[in-house]
Amino acid sequence: MHMRIGGKDTGSADDRWMGVINPATGEEIDRVPEGTLYEVDDAVRAAEEAFPAWAARTARERGLVLLRAASLVRERHHDFARLLTSEQGKPLRESTDEIRGFANVLEYYAEISGTLRGEFISLGQAGSAIVTHEPLGVCGAIIPWNMPALLMAWKVAPALLAGNTVVFKPASRTPLTSGSLTRIMEEAGLPPGALNIVTGRGEVVGEAIVRHPGISKVSFTGDVETGARVRELASGSFKEVTLELGGSDPMIVWKDADIDSAVAGALRGRFYNAGQTCTAVKRLFVHQAIGAEFLKRLKARVEGLRIGNGLDPGVDMGPLCGETQRDTIAALVEDLKLKGQGRVVTGGEPLRGLPFDRGFFYAPTLVTDVHPGSPLLQREVFGPVLPVMCVPDLNTAIMHANETRYGLGASVWTRDIEVAREVFSRVQAGIVWVNRHLTLPPEVPFGGVKSSGIGRENGSRALYSYTREKTLSISH
Ligand code: NAD
């Protein structure tokens, strides 16, 4: 597949290509150009040329393009879901959810297009002022490989609706779904150059986007370390940045919780997308009064998960997206075992034998009695390993929940409103769920505190984050 710049298929200046691997089989399923600074320059130029005409349309007209794209995506969601599973590995059911999620986000922003408006301020005898919300110009968007469709929508939909044009970089592992979605948006009426997709390596294409003087804002999703680099580079050219970074979400299960529903929440919260979700449940604290029963029921559910190629019907969990991811997870668990820093309840190893041999599979894993200093609790574990710790009281649970540099999401499972209120007010996170985890509809603002990021995506205010205020002051 080619890049898409100014509505045209493009290769890279030095004609280098990168393979896209199906993580379930290890097979190369396609190749994309390994972009260079030249393609980033071309993409910015194409976006600059497309900008005046796109910005001159009304927000409602732009919203109608998003709406048409959403409808085309819904019609062809089977094809998109298969493509997403082939390059990312998640089960077809999850890919279908994600593709529908893409359409949902476009529809949401199309629906609120009429709310994008300015303000009139009376200054009495001194006259009046009118504040407008102008688009920023060309925006850069950079995303990781875990949710290539949904994260694309979170950035591209509000940016385009606000009247900007976009230079977009998908992760090297998962460029195909984003590329196809870019084409369908053009088919829906998005003018050439309004959305340009440049494939390539982060240190080359990503950095060139962040440094480019023609780009006014960069919206980045990825790892904390990369986010810090992006922020540093962007400050050199006074760009605005939104950073959606890693998380190590705690889930607190209180003693009065409905155990089965908490078990189902933990199962989905941790093992959805093979644990490769920024807001996955990454540490679980359960009240000691129900700890043993909770762990027994969760273990039974985890052992019942069907692992395999996401394209096969009935699969609950696919492979990890890459070999490095699988090996990182394996090394973390081996380290825990070697140092005696915890006890493996189930799993704890890469899956071997057919059909797993050629893919990057790791067994869904539960560990308990984890030492507080273990990297499993300190780092963001981006894979299917869940540490479950028993706690004696709410203070201890909240204290542990906050013992991390991250602050993305958190959940509490309880029937007691006071417990929920206490967790909401004291846990450091951008979103606190009660009796659910992972739910992120487009109307709800989302983002982190501490090292988990800066700014918010989704919701109406994210639309305004792609605009700048301009004031007209009039004397009477
Ligand atoms: P990553 O930071 O390695 O890569 C993310 C993107 O940045 C990729 O497109 C990559 O090519 C690009 N990139 C790499 N180096 C760059 C540089 N120097 N300058 C500019 N761009 C560069 O992250 P990853 O490993 O692909 O993704 C996993 C991370 O993403 C996890 O930490 C996860 O929690 C996080 N994430 C966060 C959210 C959120 O909304 N908060 C959502 C999904 C994933």
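What you see is a predicted model, and the numbers here were worked out from it, not measured in a lab.

### Points about the overall build of the chain
A count of helices and strands for the chain gives 15 helices and 20 strands. For the chain, whose C-alpha radius of gyration is 23 Å, the value lies close to the compact-globule estimate of 23 Å for 476 residues. The buried share of the chain, taken over its 476 residues, is 59%. Looking at the chain alone, contacts between residues at least 24 apart form 73% of all its contacts between residues at least 6 apart.

### Quick word on the site of the ligand
Residues in contact with the ligand amount to 27 residues; listed here are only the nearest, I143, W145, T226, L245 and E380. Between an oxygen atom of the ligand and a side-chain N or O atom of T226, the distance comes to 2.7 Å. Here E380 contributes a side-chain N or O atom positioned 2.6 Å from an oxygen atom of the ligand. Against a free-state accessible area of 850 Å², the protein chains account for coverage of 90% of the ligand. In this structure the site holding the ligand corresponds to the largest pocket. Elements with a minimum of two residues in the shell around the ligand: α7 (202-211), β10 (215-221) and α8 (224-236). The element best represented in the shell around the ligand is α7, accounting for three residues.

### Brief notes about the sheet that holds strand β5 (residues 119-122)
Sheet strands pair via backbone hydrogen bonds, and the direction of the pair is either parallel or antiparallel. Strand order in the open sheet made by the three strands is β5-β6-β20, with antiparallel pairing throughout. Looking along the sheet, the strands with just one partner apiece sit at the ends: β5 and β20 (467-474). The sheet shows a mean angle of 20° between the axes of neighbouring strands, taken without regard to direction. Of the pairings in the sheet, the one linking β5 to strand β6 (residues 128-135) comprises four bridges and is antiparallel in character.

### Considering the domain arrangement of the chain
We note that the domain assignment places domain 1 (3-245 + 450-474) and domain 2 (249-434) within the chain. A straight line from the C-alpha centre of domain 1 to that of domain 2 covers 31 Å. Listed as interface residues are 30 residues of domain 1 and, on the opposing side, 32 residues of domain 2. Here domain 1 packs against domain 2, burying approximately 2,600 Å² in sum over the two surfaces, 51% of which is carbon and sulfur. In this structure, the connection of domain 1 to domain 2 is made through three salt bridges. Residue E27 pairs with R358 through a salt bridge whose shortest N-O separation is 3.6 Å. At the junction of domain 1 and domain 2, the tally comes to 17 residue pairs in polar contact (both at pLDDT 80 or more). Those elements that provide at least two residues to the side of domain 1 that touches domain 2 are α3 (77-88), α4 (92-111) and α8. Counting residues per element, the side of domain 1 that touches domain 2 draws most heavily on α3, at five residues.

### As for the pairing of strand β4 (residues 28-33)
Note that strand β3 (residues 17-21) and β4 share five bridges and pair antiparallel. Pairing of W17 across the sheet is with P33, part of β4. Hairpin connection, β3 to β4: the antiparallel pair is bridged by six residues, and G26 has positive phi, about 75°.

### As for the pattern of salt bridges
Evaluation of the coordinates by the stated rule reveals 30 salt bridges. The partner of K90 in a salt bridge is E98, and the shortest N-O contact between them spans 2.5 Å. Here the two residues K90 and E98 agree in accessibility, since each one is buried. Note that R421 and E422 form a salt bridge whose closest N and O atoms lie 3.6 Å from each other. With a relative accessible area of 23%, E422 lands in the partly exposed category. Here the residues in one salt-bridge network are R4, D9, R183 and E186, joined through shared partners.

### Here we look at empty space enclosed by the protein
The final tally for this structure, using the stated rule, is one cavity of 30 Å³ or more. Taken together, 14 residues line the largest cavity, and the ones lying closest to its centre are P250, Y406, G407, G409 and Q428. Every element with two or more residues in the lining of the largest cavity is listed here: β12 (249-253) and β17 (409-413). When grouped by side-chain class, the residues that make up the lining of the largest cavity number seven nonpolar, five polar and two charged.

### Thoughts on the nonpolar core
By size, the foremost hydrophobic cluster in this structure holds 59 residues, and its most contacted members are L66, F102, L106, Y109, L160, F168 and M185. At 10 residues, the largest contribution of residues to this core is made by helix α5 (residues 150-161). When we break this core down by domain, the ones giving at least three residues each are domain 1 (3-245 + 450-474) and domain 2 (249-434). Residue contacts for M185: discarding those within four places in its chain leaves V65, L66, A69, F102, L106, V156, L160, L190 and L195.

### A few points about the packing of α4 against α5
At a minimum axis separation of 9 Å, α4 and α5 run at an interaxial angle of 15°. When the interaxial angle is binned, α4 and α5 end up roughly parallel. The two elements α4 and α5 cross, and the hand of that crossing is right-handed. The residues of α5 that touch α4, namely those facing E98, G101, F102, V105, L106 and Y109, are L150, M152, A153, W154, A157, P158 and L161. A class-by-class count of the residues in the contact of α4 with α5 yields 11 nonpolar, one polar and one charged.

Cut-offs and rules
Residues numbered from 1 in each chain as written. Predicted model: local features only at pLDDT ≥ 70, side-chain atom pairs only at ≥ 80, totals over all residues. Heavy atoms only, no water. Helix = DSSP H or I, 4+ residues; strand = E, 2+ residues; numbered from the N terminus. Rg over C-alpha atoms; globule rule 2.2 N^0.38 Å. Buried < 20%, exposed > 50% of the residue type's maximum accessible area, 1.4 Å probe, protein only. Contact = heavy atoms within 4.5 Å. Near = heavy atom within 4 Å. Polar contact = N/O pair within 3.5 Å; in protein donor to acceptor, adjacent residues only side chain to side chain. Areas by Shrake-Rupley, 256 points an atom, 1.4 Å probe, with all protein chains shown as cover. 1 Å grid on protein atoms, 1.4 Å probe; cavity = no way out; pocket = protein on both sides within 12 Å on 5 of 7 lines; lining within 4 Å. Sits in = over half its atoms within 2 Å of the grid points. Pairing = 2+ DSSP bridges. Axes fitted to C-alpha atoms, helices over the stretch in contact; angles between N-to-C directions. Domains from an automatic or database assignment. Buried area = accessible area lost by both parts, 1.4 Å probe. Salt bridge = Lys/Arg side-chain N within 4 Å of Asp/Glu carboxyl O. Points joined across faces, edges and corners; volume = space filled by probe spheres on them. Nonpolar A, V, L, I, M, F, W, Y, C, P; charged D, E, K, R; others polar. Core = buried A, V, L, I, M, F, W, Y, C linked by side-chain atoms within 4.5 Å. Parallel < 35°, antiparallel > 145°, perpendicular 65-115°, else oblique. Left-handed = near helix turned anticlockwise from the far one by under 90°.

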